[in-house]
Amino acid sequence: MEIKLIGVIGAGQMGSGISEVCLTSGFQVLMSDINWETIGRGKVRITGDLEKRVQKGKMTSDEKEGILKRLSTTTRIEDFGNCDFVIEAAVENVPLKEEIFKRLDEVTRKEIILASNTSSISITRIASFTKRPDRVIGMHFFNPAPVMKLIEIIRGLVTSDETFQITRELSLKLGKTPLEANDFPGFVSSRLIFSFMNEAIYAFYEGLGKAEDIDAVMKMGANHPMGPLELADFVGLDTVLSVMKVLQEAFGDKYRPCPLLIKYVDAGYLGVKTGRGFYPYGGK
Ligand code: CAA
């Protein structure tokens, strides 16, 4: 079956980035979120990014307009009935994913693949929320989705070979490199990336160095494009905390979220998106 219309659940940082990748690869996209304000912000992000490409001479204005015409939006999961493939990119919360996957299972055609962009939650568990666990798979993009080359593909225990192959081929059509990881919470990427960020937060909390210096060590000493604290602000401290909690629940206290991370999230210091994290971004 040919994939023409891709449904993306979530219009936040990841959902809008994934939508942009699908749109610029020639697909039609239906992007949803629970409120129009978030959808509006997602559309502004996509439009702004395409406009930058026009200004850099990488795309014409007409191409940009053509791409944007393929984007439609909704706040209702019922509208996903015509989608040929769905990618869920909602927040990292198991009850929410359960509700979304149960609804998607009801409204989409039975043969349609339901992929999750979860950073940490077991795909086998997500698949169990549906009556088509063989058609559920992890398709893990990285932030910023339009730039990062990798898609980590995760099979649940009963994901079929056909589902894996279709998802792999779609990832290639999106211009990405698919790599397979085993289905344990956090897979390969989040287990490494998030524990690295959490460890840097411990280093800051324990007074090993100033935030700028901890980041500079990794940028200049290990050639990372961003330091771990800068990266945590970029990913969102609420996301870092949610993923660490999933890792801690699965593997024990080795992955205990740093108390300072919990304090920052409680204070609403979520990083770039709230204007304040380990660094100020012109917010509170
Ligand atoms: N959206 C789209 N494009 C973006 C972008 C964004 N948010 N940020 C940068 N770009 C583009 C720029 O337009 C530019 O494009 P061109 O080369 O076509 O001109 C290119 O990326 C490079 O950007 P810059 O020169 O402005 O900046 P940079 O060289 O410092 O790169 C970066 C920015 C790509 C974000 C780089 O700092 C980087 O790779 N950082 C690390 C990102 C990372 O580790 N991501 C993984 C996070 S963990 C995760 O995602 C997992 C999860 O589950 C949450």
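Nothing here was measured: the structure is a model prediction, and the numbers come from that model. (Residues numbered from 1 in each chain as written. Predicted model: local features only at pLDDT ≥ 70, side-chain atom pairs only at ≥ 80, totals over all residues. Heavy atoms only, no water.)

The next point concerns the sheet that holds strand β6 (residues 136-140). One open sheet holds the eight strands; their spatial order is β3-β2-β1-β4-β5-β6-β7-β8, and the pairing between them is mixed. Edge positions in the sheet fall to β3 (71-74) and β8 (177-181), since each of these pairs with one other strand and no more. For this sheet the average axis-to-axis angle between neighbouring strands, irrespective of direction, equals 25°. Bridging between strand β1 (residues 5-9) and strand β2 (residues 28-32) involves five bridges; their strand directions are parallel. Its bridge partner lying in β2, L5 is registered against Q28. Contacting β2 and β3, helix α2 (residues 36-55) runs over the sheet at an angle of about 165° to β3. Contacts from helix α4 (residues 94-107) reach β1, β4 (85-88), β5 (113-116) and β6 within the one sheet, and its direction differs from that of β5 by about 165°. (Pairing = 2+ DSSP bridges. Helix = DSSP H or I, 4+ residues; strand = E, 2+ residues; numbered from the N terminus. Axes fitted to C-alpha atoms, helices over the stretch in contact; angles between N-to-C directions. Contact = heavy atoms within 4.5 Å.)

Moving on, we come to the nonpolar core. Counting 33 residues, the largest nonpolar core has I87, M139, F141 and L174 as its most contacted members. Considering every element that reaches this core, the biggest residue donor is helix α1 (residues 13-24), with five residues. Residues within four places of M139 in sequence aside, it is in contact with F85, I87, A115, S116, N117, I151, E152, T167, L170, S171 and L174. Core analysis: the second largest hydrophobic core is formed by 27 residues, F194, L237, V243 and C258 among them. (Core = buried A, V, L, I, M, F, W, Y, C linked by side-chain atoms within 4.5 Å. Buried < 20%, exposed > 50% of the residue type's maximum accessible area, 1.4 Å probe, protein only.)

Another point: the site of the ligand. The ligand sits among 16 residues. The nearest are K56, K58, S119, H140 and N143. Between the ligand and K58 there is a distance of 2.4 Å, counted from an oxygen atom to a side-chain nitrogen or oxygen. Between N143 and the ligand, the recorded distance is 2.7 Å, taken from a backbone N or O atom to a nitrogen atom. Residue composition of the shell around the ligand, grouped by class: ten nonpolar, three polar and three charged. The residues that make up the shell around the ligand include at least three from each of domain 1 (5-181) and domain 2 (191-273). (Near = heavy atom within 4 Å. Polar contact = N/O pair within 3.5 Å; in protein donor to acceptor, adjacent residues only side chain to side chain. Nonpolar A, V, L, I, M, F, W, Y, C, P; charged D, E, K, R; others polar. Domains from an automatic or database assignment.)

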